[in-house]
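# Chain and residue survey
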Amino acid sequence: MLSALLREARPKQWVKNILVFAAPGALGVLGHWTSLAPTLVMFGAFCLTASGTYFLNDVQDVANDRLHPKKSRRPIAAGEIPIPLARLIAAALLVVGPLLAATTRPAAGVIVALYAITTISYSMGLKNIVLLDLVIVASGFVLRAVAGAVGTDTHMSKWFVLCTSFGSLFIIAGKRFGEMQEMGQDAGLTRAALKDYSETFLRMLVIVACGATLLAYCLWAFESAEALSTNFPYFELSIVPMALSIFRYLMVIEQGDASAPEDVFASDRAIQMYGA
């Protein structure tokens, strides 16, 4: 049972929560314990809250998941975890996560609670509304980055927010494109919104989001370089690996292998090298 509970919590998905380190990391304050400690707390808070949403989502989707070749092996869909127990654990995690975040700053707890509410709303039916399903999932990434900034009381540039927003949309649109290619004509059986998307539309959305992400990052880099007032172009040079990372992920999307972004980031050595 413990093994099933851990798998249902999806620790592989926790890599998404690294985004809480983005804002303080961009400002170079993570070397100070006063910034690192609350960031670690925020990371833990998001891991708990996200796992709570996974439990709840799989309870809601248990019938559809049993029709999916991969999702049918999830512990709740496979019957390894009783649904009443899954609901109880989901409720506990969704309460503890925001409370933990609030120990850094109350506003951070509110943001984590907002993340939980939007994710629950998504699971309850908003995921079936075309385009809104993409926006809600992408907003989860943005809220992670914002929470990291709020929890450490660090400034977020408007260009940084836009880069995070369009970057999130880029990843989610690519995920949907991968799901559509993976499931083919049966894609709508496991995700209703996929019935109304086409590969052409998702490909165009990926390209638009890709370009907007790179443009916003360039503007953030130039703004940050001007504020730093140094002769060495640290931020300007960071545009090169950023662009290579985006283009590499674009290749992964086009190949139809982006249905599980966390697996891509964990296994693709090129993206890891550029990101380092």
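The rules behind the values
- Residues numbered from 1 in each chain as written.
- Predicted model: local features only at pLDDT ≥ 70, side-chain atom pairs only at ≥ 80, totals over all residues.
- Heavy atoms only, no water.
- Salt bridge = Lys/Arg side-chain N within 4 Å of Asp/Glu carboxyl O.
- Helix = DSSP H or I, 4+ residues; strand = E, 2+ residues; numbered from the N terminus.
- Buried < 20%, exposed > 50% of the residue type's maximum accessible area, 1.4 Å probe, protein only.
- Arc of directions from axis to C-beta.
- Contact = heavy atoms within 4.5 Å.
- Axes fitted to C-alpha atoms, helices over the stretch in contact; angles between N-to-C directions.
- Parallel < 35°, antiparallel > 145°, perpendicular 65-115°, else oblique.
- Left-handed = near helix turned anticlockwise from the far one by under 90°.
- Nonpolar A, V, L, I, M, F, W, Y, C, P; charged D, E, K, R; others polar.
- Expected span 1.5 Å × (residues − 1).
- Phe/Tyr/Trp six-rings, centres within 6.5 Å; stacked < 30°, edge-to-face > 60°.

### Thoughts on the pattern of salt bridges
Per the counting criterion, the structure on display carries nine salt bridges. Glu179 is the partner of Lys175 in a salt bridge, and the nearest nitrogen-oxygen pair spans 3.5 Å. Highlighted residues: Lys175 and Glu179, both in helix α8 (residues 158-183), separated by four residues, approximately one helical turn. Lys175 sits in the buried class, given a relative accessible area of 19%. Through salt bridges with shared partners, one network takes in Asp133, Lys175, Arg176 and Glu179.

### Remarks on helix α1 (residues 2-9)
Ala4, Leu5, Glu8 and Ala9 are the residues of α1 that are buried. Buried residues of α1, viewed axially, fall in a sector of 140 degrees; they line one side. In this structure, α1 carries Leu2 and Leu6 as exposed residues pointing more than 90 degrees from its buried face. Tucked inside the fold, the buried residues of α1 contact α3 (33-60) and α5 (83-102). Just downstream of α1, Arg10 is the residue with a positive phi angle, here 55 degrees.

### Notes on the packing of α8 against helix α12 (residues 239-254)
Contact pair α8 / α12: the axes reach a minimum separation of 9 Å and the direction vectors enclose 20 degrees. In terms of orientation, α8 and α12 fall into the roughly parallel class. The handedness of the crossing between α8 and α12 comes out as left-handed. Facing α8, whose interface residues are Cys163, Phe170, Ile171, Gly174, Phe177 and Gln181, α12 presents Met242, Ile246, Tyr249, Leu250, Ile253 and Glu254. Class assignment of the residues belonging to the contact of α8 with α12 gives a composition of nine nonpolar, two polar and one charged.

### A word on α5
The α-helix advances 3.6 residues per turn, and as a result positions three or four apart in sequence lie on the same side. Here α5 contains 20 residues, and its C-alpha end-to-end distance of 29 Å stays within 8% of the 28 Å for a straight helix at 1.5 Å per residue. Taken residue by residue, α5 has Ala86, Ala90, Leu93, Leu94, Gly97, Pro98 and Ala101 as its buried positions. All buried residues of α5 lie within an arc of 110 degrees about the axis, which places them on one face of the element. What points out from α5, more than 90 degrees from its buried face, is the exposed set Pro84, Leu88 and Leu99. On its buried face, α5 sits against α3 and α6 (106-124).

### Overview of the packing of aromatic side chains
Here the structure, examined in full by the defined rule, presents eight aromatic pairs. A ring pair is formed by Phe170 and Tyr249, whose centres lie 5.7 Å apart and whose planes are at 65 degrees; its orientation type is edge-to-face. Taken together, the residues span a long stretch of sequence, with Phe170 in helix α8 and Tyr249 in helix α12 at a distance of 79 residues. The two residues Phe170 and Tyr249 agree in class, both being buried. Judged by centre distance (5.3 Å) and plane angle (15 degrees), the rings of Tyr249 and Phe265 are stacked.

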